[in-house]
Amino acid sequence: MMKKVMVKMKKSNELIIANKELAFQNEEKEKRVAELTIANKELIFQNEEKEKQAAELTIAKEHAEESDRLKSAFLANMSHEIRTPMNGILGFAEMLKEPKLTWEEQQEYISIIEKSGARMLNIINDIVDISKIESGLMKVNMKESNVNEQIEYIYTFFKPEVEGKGMQLFFKNSLPLKEAILKTDREKVSAIFINLVKNAIKYSDKGSIGLGYEKKGKYLEFFVKDTGIGIPKDRQEAIFDRFVQANIGDKRAFQGAGLGLSISKAYVEMLGGKIWVESEEGKGSTFYFTIPYNDEAADKNVIQNVVLPEGATSQIKDLKILIAEDDEGSEKLLTVVVKMFGKEVLKARTGVEAIEACRNNPDIDLVFMDIQMPEMNGYEATRQIRQFNQDVVIIAQTAYALTGDRELAIEAGCNDYIPKPIKKDNLMVLIQKYFKKQETV
């Protein structure tokens, strides 16, 4: 009997142990299942992240390819835009050497060279501007400006070209002259208008072009409206991107760098506004941009533009002039332009020579100081000249023409500044500005 009880107890203990073992194994299995579930979720998450990264890489690759394509197209267009006017300049300069040209042919060739040079300068200015914008070097120079005068100037400047195409040009100034004075960057506002009006002329063959503004709350809303070929709906945002032109199926779309609207957009945003377009294919486009309206200057005197009286420069004579310029062509141009004012024209090819010329000739009236010269630049040469001569008029001249260059020139001691390429009329205005007292002599 005892033996049977012992056997039963033994089996009972074995069953208990077996049950505990099974329970332990079940717990281990459940724990393993939980671990596998977590691992599975982790794998799913990792797969999702990999798929997401793969999608992002695909998008980045497509963007990079699109950027490369646009830049390649842009560079090809740049080559075309530079070589085309150069072809006109060099080709017709060569033609002018022909000995049997008539006067009419000479004038025609000179006109083509002038137009090609202007086109070349425009493309160079656009490239310089977009480079400064991309590199963050473009600065805003806020000063008082009368927008009515700017609008009227743009109207007067483009009126002959528009009417030459058989079209009409009109403008709208909605504020009185005194209330149209605001604090902004005058040069950038002019650049925006010039870009927009040029585009309007380029893509319009009939009808009219209008420009102007209206006051809307705290902003002035400007517009340039044309009756040209219009822009497709799906391209109206892309045209403001760098290196992009609207695909409008017109050969004129390939005549330009595709930078004007991008530059305009950057300028508007720098001034605290926005730019947009409303357009319909075949009916025309209206470009709008806004600028904050600050009327603090409204009661101040209106600054009048400097106008050179007809024949005034002919009364400015007997100036002793120093041309500090290391480029032979630029020196020759200045010499030809200023000879009508000068009794004597001296030359210097370096900053050091310019200093010595001023030291040895204290009666020099006017110095044209190139900024980039060998041995010593124009800024330093001007500083040293000012140590012993405070009276001579020094006008800085430079081919860099970057924003802030004028301020640097004035800080160095120059009286004024003129960018290259130098225009004869602008040069005469400067000379009249500093030597007009000789008119009464």
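Before reading on, note that the structure itself is shown above.
All values reported here derive from a predicted model rather than from experimental measurement.

A.B. asks: Please clarify how the overall build of the chain should be interpreted in this entry.
C.D. replies: Scanning the chain from N- to C-terminus turns up ten helices and twelve strands. The 441 residues of the chain split such that 39% are buried. Look at the contacts in the chain between residues 6 or more apart in sequence, and 69% of them connect residues 24 or more apart. For the chain, the accessible area works out to roughly 26600 Å², and carbon and sulfur atoms hold 54% of it.

A.B. asks: Is there a simple way to explain helix 6 (residues 328–338) in this structure?
C.D. replies: Residues spaced three or four apart along an α-helix face the same direction, because each turn holds 3.6 residues. Taken as a whole, helix 6 has its buried residues at S330, E331, L334, T335, V337 and V338. For helix 6, the arc enclosing every buried residue in end-on projection is 170°, short of the 170-degree limit, so these residues lie on one face. Of the exposed residues in helix 6, the ones pointing more than 90 degrees away from its buried face are E328 and K332. Its side-chain oxygen at 3.3 Å from the backbone nitrogen of G329, D327 defines the N-terminal cap of helix 6.

A.B. asks: Even after reading the chapter, I still don't get the sheet that holds strand 9 (residues 342–348), so can you show me in this structure?
C.D. replies: The strands making up a sheet associate through backbone hydrogen bonding, with each pair oriented either parallel or antiparallel. Overall, parallel pairing links the five strands, which are arranged 9-8-10-11-12 in an open sheet. Of all the strands in the sheet, just strand 9 and strand 12 (416–419) have a single pairing partner and so form its edges. Each adjacent strand pair in this sheet contributes to an overall mean axis angle of 20°, direction not counted. The pairing of strand 11 (residues 393–398) with strand 12 spans four bridges and is classified as parallel. In the sheet register, A396 faces strand 12, and the bridge partner there is Y417. Strands in contact with helix 6 are strand 8 (319–324), strand 9, strand 10 (366–370) and strand 11; relative to strand 8, the strand with the most contacts, it is inclined by about 170°. Against the sheet, helix 7 (residues 351–360) touches strand 8, strand 9 and strand 10, its axis set at about 160° to strand 8.

A.B. asks: Help me out: how do you make sense of the packing of aromatic side chains in this one?
C.D. replies: Any pair of aromatic rings gets described here by the distance separating the centres and the angle formed by the planes. Taken as a whole, this structure holds nine aromatic pairs when the rule is applied. Here the aromatic rings of F92 and Y109 are separated by 5.0 Å at their centres, their planes lie at 50°, and the arrangement is tilted. Note that F92 is positioned in helix 1 (residues 2–95) and Y109 in helix 2 (residues 103–135), a separation of 17 residues in sequence. In this structure F92 comes out as partly exposed when scored by relative accessible area, which is 25%. With 5.6 Å between their ring centres and 85° between their planes, F193 and F222 make a pair best called edge-to-face. Note that F193 is positioned in helix 4 (residues 186–202) and F222 in strand 5 (residues 219–226), a separation of 29 residues in sequence. Across the pair, exposure class does not vary: F193 and F222 are buried alike. By way of ring pairs, the aromatic residues F193, Y213, F222 and F289 are connected into one cluster. If you follow K188 out to its NZ or CZ, it ends over the ring of Y267, 5.4 Å from the centre. The ring of W276 is capped by K274, whose NZ or CZ atom sits 5.3 Å from the centre of that ring.

A.B. asks: Would you mind going over unusual backbone geometry with me for this structure?
C.D. replies: Only a minority of non-glycine residues have a phi that is not negative, and only a minority of peptide bonds are not trans. Even without a glycine there, the phi angle at E375 is positive, about 70°. If you trace the backbone, E375 turns up in the loop between strand 10 and helix 8 (378–386).

A.B. asks: Looking at this structure, I do not really get helix 5 (residues 260–270). What am I missing?
C.D. replies: Burial of helix 5 is extensive: eight of the eleven residues sit out of reach of the surface. All buried positions along helix 5 are accounted for by G260, L261, S262, I263, S264, A266, Y267 and V268. Next to the buried residues of helix 5 lie helix 2, helix 4, strand 6 (275–280) and strand 7 (284–292). Positioned one or two residues after helix 5, G272 has a phi angle of 90°, which is positive.

A.B. asks: Before we go on, may I ask you to explain the pairing of strand 7 in this structure?
C.D. replies: Each regular strand carries side chains that alternate between the two faces of the sheet. Across the nine residues of strand 7, eight count as buried, placing the element largely inside the fold. Judged from the seven bridges that link them, strand 5 and strand 7 form a sheet pairing that is antiparallel. Within strand 7, the position partnered with F222 by the bridge is F289. Note that strand 6 and strand 7 share six bridges and pair antiparallel. In the strand pairing of strand 7, W276 is matched with Y288. In sequence, strand 6 turns back onto strand 7 through a hairpin of three residues, with G282 there showing a positive phi of about 85°.

A.B. asks: How do you make sense of the pattern of salt bridges when you look at a structure like this?
C.D. replies: It is possible for side chains of opposite charge to pair when their charged atoms get near one another. Within this structure, the stated rule accounts for 16 salt bridges. One salt bridge connects K159 with E163, and the closest N-O pair in it is separated by 2.7 Å. Of the two residues, K159 and E163 are both situated in helix 3 (residues 147–164); the distance of four residues between them amounts to about one turn of the helix. Judged by relative accessible area, which is 26%, K159 ranks as partly exposed. In this structure, E331 engages R349 in a salt bridge whose closest nitrogen and oxygen atoms are separated by 2.8 Å. Taken together, the residues span a long stretch of sequence, with E331 in helix 6 and R349 in the loop between strand 9 and helix 7 at a distance of 18 residues. Its relative accessible area of 35% is what places R349 among the partly exposed residues.

Cut-offs and rules
- Residues numbered from 1 in each chain as written.
- Predicted model: local features only at pLDDT ≥ 70, side-chain atom pairs only at ≥ 80, totals over all residues.
- Heavy atoms only, no water.
- Helix = DSSP H or I, 4+ residues; strand = E, 2+ residues; numbered from the N terminus.
- Buried < 20%, exposed > 50% of the residue type's maximum accessible area, 1.4 Å probe, protein only.
- Contact = heavy atoms within 4.5 Å.
- Areas by Shrake-Rupley, 256 points an atom, 1.4 Å probe, with all protein chains shown as cover.
- Arc of directions from axis to C-beta.
- Polar contact = N/O pair within 3.5 Å; in protein donor to acceptor, adjacent residues only side chain to side chain.
- Pairing = 2+ DSSP bridges.
- Axes fitted to C-alpha atoms, helices over the stretch in contact; angles between N-to-C directions.
- Phe/Tyr/Trp six-rings, centres within 6.5 Å; stacked < 30°, edge-to-face > 60°.
- Lys NZ or Arg CZ within 6 Å of the ring centre and 35° of its normal.
- Salt bridge = Lys/Arg side-chain N within 4 Å of Asp/Glu carboxyl O.

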